[in-house]
Structures are given as structure tokens and as C-alpha cells.
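Here's the letter readout for the chains.
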Amino acid sequence: MLELNTLQLVRVLSLAGIAFMLTILWTPALTHFLYKYKLGKRIRKDANAPIFMELHQHKEGTPTMGGILIWGTVFVMLIFFWGIDKFFPDSLLAPFNFLNRGQTYLPLAAFFTAALIGLADDLLGIFKIGPKGGGIRMRQRLLLYTAIAILGAWWFYFKLEWTEIHVPFVGDFNIGLWYIPFFMLVLVATAFSTNEADGLDGLAGGLLMMAFASYGVLAFMGSSYDLAAFVAIIIGSLLAFLWFNVPPARFFMGDTGSMSLGVTLGIIALLTDQALLLLIVGFLLVVESLSVIVQLFWKKVFKKKLFLSTPIHHHFQAIGWPEHKIVMRFWIMAAVSAGLGIIIGLVG
């Protein structure tokens, strides 16, 4: 058993390393393409968000859609290792295939579907199509997240026959049909939170890397080795992405990255039966989305703002914190909460 775990660990870490190197290698080609055709970020002109406009006007024109690096690398590695396993099953590379009906079919399908929707949203924003030239409305985005969540909930409930949720230190509870709305809530909330966190150079990438690392450990310890391998490839790609995305960013993640990664994180949390741990593992993501919700409530009820700007990382910017300080402090907090999530997941 120890030998099996060691071999699987080598496999998982090797896939992460390959993903990192592959992403690093093809980044210059993507960067050249984005800059050549001026596929840059358009800062929305919104009189209701003057602070946001002032803080981010200097980022106008920085290429977006950097999330292509992550899902593009996953796609290439998926096809390559699946092909090796199918046509050369005796090859030393065949065991690197991570396609697994019970573990990776659904997260991969959701990952690529959300990536394509996000890519369309990014392109609409670049060409100033949509409300205020900002692409798809947030309400429409939530509807798209919900559509993906409905399909995922159907797969979980009817195909995988999943009806239980795990409460750390308490036990498992069979909630029957209620698992469908629970699944949808987890997916939509995670996608929304991740999208909100993608506002500073390196912020979303770092927070996501910590969260995925936490669930990668839990998947591996639960013997879901193919799922852990998939997570490892995402982490390797995210590391390479961060190499170019730390302040000042060479490009932004864009919705094609944040939407796909947020949806995938939620599904992986559900597949490891540790969805409630998202409140801890993704603590900063929760704080980001809550700040937006609280701000809207405060303005509606008290007719004034509680924060200078939201999500909350913009509030810290507005009071004078340098961007790199906000990002690094959020990373530190995310690392602590991810580590705490691993401990609770293993012990509880």
C-alpha cells in the first residue's frame, strides 16, 4: 500500500511539474498574440464606481484572457496522455492518463464549458459589446453558472447517485433530493466568489492555488488519485500563470480563467465530499463575495456605502494599501485557511 501511494504521489507531482513547464513554454506565444491584436482589458466607465475607475485606469489595455494558459494546458495534457493510454497502453507514459468516469469526467466537462463561456464574455468586453461595454451582465453570468450547476447536479444525483453531505466532526447526512439545490448553491457561490476575487494582479491566481492544493491533498488521501492528478495539473498551470501575473501583470486571468476555475473548485469540493470545507479553505473568496453582498444591502437599506469600494480588496486599495501588499497578505491568509482546511478534512 505504501509503495502504491508513493508511485501515485510521484505521478501526481510529475504531472504538476509537466503542467508548469508546458505552460511556461507556450506563454510567450499567447502573450505575443494578445499584444499583437490588442486584446486588452477595457476598464468600464461607471459613474457609480468612481473609485474603481480611478484605481484601475492605468491597467487599461493590459491583455486579458490569460486563463487560456490554464485550461489550454489541461486540454493538451488530457488529450496527449489519453491518446498514449489508448494507443500505447504498455508505454511508461500510459499511467499518466487521468481521465476517469467517476472522478474527472464531470469536473473536466464543467471546466471547459465554463472556460468557453468566460472566453466569450472576455471577447465581448474587449470589443465593448454589452451593457456599458462590459460584456455579459452579472445577472446573466449567474444564470449561466446556474445552468452548469443544474447539469452537474443532475450528473451527481442520477448518475453517481450522490445524496449525502459530510459535516466535519459530526458525520454524513442523507438529504435526498435536497442534494440538487445544495449542489447548485455550492457551484454558483464558488463561481461568483472566484469571479469577484479576480481584481488585483496575482490575487485570484494565488487564492485559487491555495484552495486547489488543499483539495488536492484531500483527494489524494481519499485515494481519488485521478482527481488529485487533475488538481495537480491545474496547480502547476496556475504557478506558471502567476509567474507572469504578479504585479505588474503581463496579462489578466479574465473570465475564461476565473469562471472555469471557480466552477471546477466547487465540483472538486463536492467530489471529495468536503463541500462545507469551502467556507474555510476558500475563506478569502467568501469574504470577497460577502463584501459585495453586504455593500448592496447597505446601500439599499441605509442609502450609503459601508465600504469605499467592493469587492473588499478595492476598499483596502482606496484607503491607501499598495496593491502588492494586499495581494501578499491575502495569499498568507489563504495559505493559513487552506492548511486549516486540510487538518479539519483529515481529522474531521
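Scroll up to find the structure.
Below is a short write-up of the structure. Because the structure is a prediction, the values reported are computed rather than measured.

## Some points on the overall build of the protein
Here is step 1: Regarding its fold elements, the protein presents 13 helices and two strands.
Here is step 2: In terms of overall dimensions, the protein is globule-like: its C-alpha atoms have a radius of gyration of 20 Å, near the 20 Å expected for 348 residues.
Here is step 3: Looking at the protein as a whole, 53% of its 348 residues qualify as buried.
Here is step 4: Expressed as a percentage of contacts within the protein between residues at least 6 apart in sequence, the contacts between residues at least 24 apart total 74%.
Here is step 5: Only carbon and sulfur atoms are counted for the fraction: they give 70% of the accessible area of the protein, which is about 16300 Å².
Here is step 6: Seen as two clouds, the 24 positive and the 19 negative side-chain charges of the protein have centres 14 Å apart.

## Examining the pairing of strand β1 (residues 164-167)
Here is step 1: The pairing of β1 with strand β2 (residues 171-174) spans four bridges and is classified as antiparallel. Among the inter-strand pairings, isoleucine 165 is bridged to a residue of β2, identified as phenylalanine 173.
Here is step 2: Between the antiparallel neighbours β1 and β2 lie three residues, among them phenylalanine 169 with a positive phi of about 70°.

## Thoughts on helix α4 (residues 105-126)
Here is step 1: Helix length check: α4 (22 residues) gives 32 Å between terminal C-alpha atoms against 32 Å at 1.5 Å per residue, within 8%.
Here is step 2: Looking one or two places after α4, you find lysine 128, whose phi comes out positive at around 55°.

## As for the environment of leucine 124
Here is step 1: Mapped onto the elements, leucine 124 comes out in helix α4.
Here is step 2: Residue leucine 124 is classed as partly exposed on the basis of its relative accessible area of 28%.
Here is step 3: A C-alpha to C-alpha distance of 7.4 Å links leucine 124 and isoleucine 136, two positions 12 residues apart in sequence.
Here is step 4: Those residues in contact with leucine 124 that lie beyond four places of it in its chain are Ile129, Gly135 and Ile136.

Criteria and cut-off values
Residues numbered from 1 in each chain as written. Predicted model: local features only at pLDDT ≥ 70, side-chain atom pairs only at ≥ 80, totals over all residues. Heavy atoms only, no water. Helix = DSSP H or I, 4+ residues; strand = E, 2+ residues; numbered from the N terminus. Rg over C-alpha atoms; globule rule 2.2 N^0.38 Å. Buried < 20%, exposed > 50% of the residue type's maximum accessible area, 1.4 Å probe, protein only. Contact = heavy atoms within 4.5 Å. Areas by Shrake-Rupley, 256 points an atom, 1.4 Å probe, with all protein chains shown as cover. Lys, Arg positive; Asp, Glu negative; His and termini not counted. Charge placed at Lys NZ, Arg CZ, Asp CG, Glu CD. Pairing = 2+ DSSP bridges. Expected span 1.5 Å × (residues − 1).

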